[in-house]
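Architecture and fold: a report
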Amino acid sequence: MSDASVAALLRSAEPLVVIEAPAGCGKTFQGAAYAREASQALPQGRVLILTHTHGACGVFANRTRGLSSRVDIRTIDSLISQVATVYRRALGLPDDLSTWAYRNDGEGFDIMATKVAGYMERHPIVREALARRYPLVICDEHQDASEAQHRVIMALRVGGARLRIFGDPLQAIFASGSKSNKAMAAALVRWEALKAASAFDDLDHPHRWDDGSPELGRWVLAARSELRARRPISLLGPPVAGLSVLRASNRAQVRTGYQVSRDERRPIDAAAAKDVMILAASNDRVRGLSAFWDRRISIWEGHTRSALADLVRTVREQSGHPVGIAQGVLSFAGAIAVGFSPSGYGDRLVKEVHEGCARPARGKPGNIQRLARYILEAPNHHGVANALGELHDLIEAKAEGFDVVKIVHRTELRDAIRLKAFACPDEGYAEIARRRSQASPAPPSRSLSTIHKAKGLECDNAILIAGDHDQFGDTDYARCKLYVALSRAKRRLTLVVSRDKPSPLFRLA
């Protein structure tokens with residue numbers, strides 16, 4: 001359909017409109033333009049724009065500037081938290097809701113959403129009051145909504161609000177728990193049911209590529225159609241302006257490594273020499289590629305990082321138990337640095353803590369003992385933060401035994417060190433998580449990233465490495481992951497495809 005038909009449907013009297021919006025096809029422009037017009041015409045109440053990230057909130061805020069009294073822009077979690085705060089006693093939720101919700105890597109938000117959805121479904125007065133306040137609701141990236149979040153939005157419709165929903169089921173890679181074909185199938189069924197119950201249209205012009213490579217944009221949309229139909233993407237046929245395909249075999253002896261022959265490496269290095277985002281399917285592959293380029297290319301850490309959440313959980317559970325705290329520090333250090341192995345460092349750290357640093361030590365053992373003393377002095381988040389601060393200083397100074405350790409996730413380490421400024425680790429994590437979600441940092445011009453962390457971003461040049469069977473198998477989740485990767489670059493996309501184990505999602509012969 002055309003941009004004009006979508007614009008007309010949004011402005012119709014239909015109570016529920018669903019727009020399928022492939023990446024780069026003008027979803028935000030359409031949604032913001034409609035919000036500006038509709039906010040002027042509402043006799044009462046405000047337009048509510050619901051997103052899934054604070055970054056998206058910022059984009060919509062810029063495009064509806066000057067209308068803050070008529071347009072309310074917030075994340076779906078924020079809306080749910082508002083309802084949960086008012087009815088927390090009836091919902092059986094704790095008073096320290098904002099801190100509690102961030103525990104266990106944000107697990108509380110899922111619990112809160114489920115409880116709020118059920119409460120709104122059982123109590124018409126709640127959903128009707130919200131619908132009077134927000135008679136028009138625009139939902140961004142609805143494919144990222146959990147089942148409970150979807151129920152909350154549908155309750156607003158039952159309460160009397162008009163809904164305008166944008167989404168793309170081919171970009172549904174938002175949750176690690178949704179990787180199975182069964183989970184992805186359930187999400188697709190929910191999307192198709194929503195389409196069937198609505199006035200539906202879709203966007204189909206690749207605006208993102210208008211000022212880059214229009215031919216690449218058309219190819220990306222065609223690739224999306226193939227993936228949607230569960231057919232492989234053809235890499236045969238005439239050349240596509242802006243698309244390069246390289247073939248290389250990974251010869252690394254370890255599962256997480258990446259090594260290719262000198263001849264195969266040469267064009268990969270040439271593609272990575274300019275400003276570029278290098279995309280990989282997993283954190284392990286990103287770390288392997290970081291080593292491949294000898295740590296010279298920065299890793300984009302994004303906003304979804306679990307190492308700190310795991311550390312806070314350990315500190316909470318092991319507080320007062322130095323050995324358990326030491327093991328948590330070991331796991332965290334292994335996640336944010338390379339070279340800090342259990343055999344080389346961690347076993348000695350735990351041993352020193354267990355024995356109370358009873359024997360004097362110098363050199364590398366002495367430096368490890370310095371870390372252990374902080375944990376023994378304060379087996380809590382203060383001791384952990386001090387030990388990690390010492391670890392940072394030892395690595396930066398290339399102290400004896402620590403010259404081979406390299407920090408690869410500096411922001412995560414800095415955030416962990418900041419924990420000592422707070423009264424309890426959960427309070428610290430909640431504040432750090434809020435700051436992360438509200439910040440909108442951009443990745444370096446030349447960076448390594450997982451596909452998941454690059455979602456929502458765009459760049460001039462991107463490399464997908466590697467298109468092998470292990471990273472992109474024949475699953476719906478892999479198809480979504482591949483499509484998100486293909487749709488990031490505006491000017492040039494380079495695909496590095498395995499020679500011996502290519503992904504079945506590509507047709508090469």
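Residues numbered from 1 in each chain as written. Predicted model: local features only at pLDDT ≥ 70, side-chain atom pairs only at ≥ 80, totals over all residues. Heavy atoms only, no water.

Labelled according to an unreviewed UniProt entry, the chain appears under the name DNA 3'-5' helicase II, originating from Chenggangzhangella methanolivorans.

1. A word on the overall build of the chain
For the chain, the helix and strand inventory stands at 22 helices and 16 strands. Here the C-alpha radius of gyration of the chain, 25 Å, is about what a compact globule of 509 residues would show, namely 23 Å. On the principal axes, the C-alpha backbone points of the chain span a range of 80 × 65 × 40 Å. Of the contacts made within the chain by residues no fewer than 6 positions apart, 77% connect residues no fewer than 24 positions apart. On the chain, roughly 22,300 Å² of surface is accessible, and the fraction owed to carbon and sulfur atoms is 49%. Each charge class in the chain was averaged separately, 72 positive and 56 negative side chains, and the resulting centres sit 1 Å apart. (Helix = DSSP H or I, 4+ residues; strand = E, 2+ residues; numbered from the N terminus. Rg over C-alpha atoms; globule rule 2.2 N^0.38 Å. Contact = heavy atoms within 4.5 Å. Areas by Shrake-Rupley, 256 points an atom, 1.4 Å probe, with all protein chains shown as cover. Lys, Arg positive; Asp, Glu negative; His and termini not counted. Charge placed at Lys NZ, Arg CZ, Asp CG, Glu CD.)

2. Brief notes about the packing of aromatic side chains
In this structure the tally under the stated criterion is six aromatic pairs. On the basis of an interplanar angle of 15° and a centroid distance of 5.0 Å, the ring pair of Phe340 and Tyr345 is categorised as stacked. Relative accessible area serves as the criterion here: at 3%, Tyr345 is assigned to the buried category. Pairwise contacts between aromatic rings join Tyr258, Phe292 and Trp293 into one cluster. Cation over ring: Arg224 sits above Tyr483, and NZ or CZ is 5.8 Å from the ring centre. Across the ring face of Phe472, the terminal group of Lys481 is positioned such that the distance to the ring centre comes to 5.3 Å. (Phe/Tyr/Trp six-rings, centres within 6.5 Å; stacked < 30°, edge-to-face > 60°. Buried < 20%, exposed > 50% of the residue type's maximum accessible area, 1.4 Å probe, protein only. Lys NZ or Arg CZ within 6 Å of the ring centre and 35° of its normal.)

3. Section: the packing of helix H14 (residues 307-318) against helix H20 (residues 425-438)
Where H14 contacts H20, the axes come no closer than 10 Å and their chain directions differ by 165°. In terms of axis orientation, H14 runs roughly antiparallel to H20. The interaxial crossing formed by H14 with H20 has left-handed handedness. Across the interface between the two elements, Leu308, Ala309, Val312, Val315 and Arg316 of H14 pack against Pro425, Asp426, Tyr429, Ile432 and Arg436 of H20. The residue inventory of the contact of H14 with H20, partitioned by class, reads seven nonpolar, no polar and three charged. (Axes fitted to C-alpha atoms, helices over the stretch in contact; angles between N-to-C directions. Parallel < 35°, antiparallel > 145°, perpendicular 65-115°, else oblique. Left-handed = near helix turned anticlockwise from the far one by under 90°. Nonpolar A, V, L, I, M, F, W, Y, C, P; charged D, E, K, R; others polar.)

4. Description of the UniProt feature "domain: UvrD-like helicase C-terminal" (unreviewed entry) in the chain
UniProt records the feature "domain: UvrD-like helicase C-terminal" (unreviewed entry) for residues 449-496 in the present numbering. Between the C-alpha atoms that bound residues 449-496 there is a distance of 15 Å. The span itself is 31% helix and 40% strand. (UniProt positions renumbered as here; feature names shortened; annotations may be inferred.)

5. Brief notes about the pairing of strand E4 (residues 136-139)
Going residue by residue along E4, you find Leu136 and Ile138 tucked away on one face and Val137 and Cys139 tucked away on the opposite face as well. Relative to E4, strand E2 (residues 47-51) runs parallel, the two sharing four bridges. Its bridge partner being in E4, Val47 is matched across the sheet by Leu136. Two strands pair when backbone bridges link them, and E4 and strand E5 (residues 162-167) are joined in this way by four bridges, in the parallel orientation. From the neighbouring strand, Cys139 faces E5, where its bridge partner is Ile165. (Pairing = 2+ DSSP bridges.)

6. Observations concerning empty space enclosed by the protein
Counting across every chain of the model gives three cavities of 30 Å³ or more. One number sums up the size of the largest cavity: a volume of about 270 Å³. Mapped onto the lining of the largest cavity, the elements with two or more residues apiece are helix H10 (181-196), helix H11 (214-228) and helix H22 (476-486). Looking at which element gives the most residues to the lining of the largest cavity, the answer is H10, with six residues. Residue composition of the lining of the largest cavity, by class: eleven nonpolar, three polar and five charged. (1 Å grid on protein atoms, 1.4 Å probe; cavity = no way out; pocket = protein on both sides within 12 Å on 5 of 7 lines; lining within 4 Å. Points joined across faces, edges and corners; volume = space filled by probe spheres on them.)

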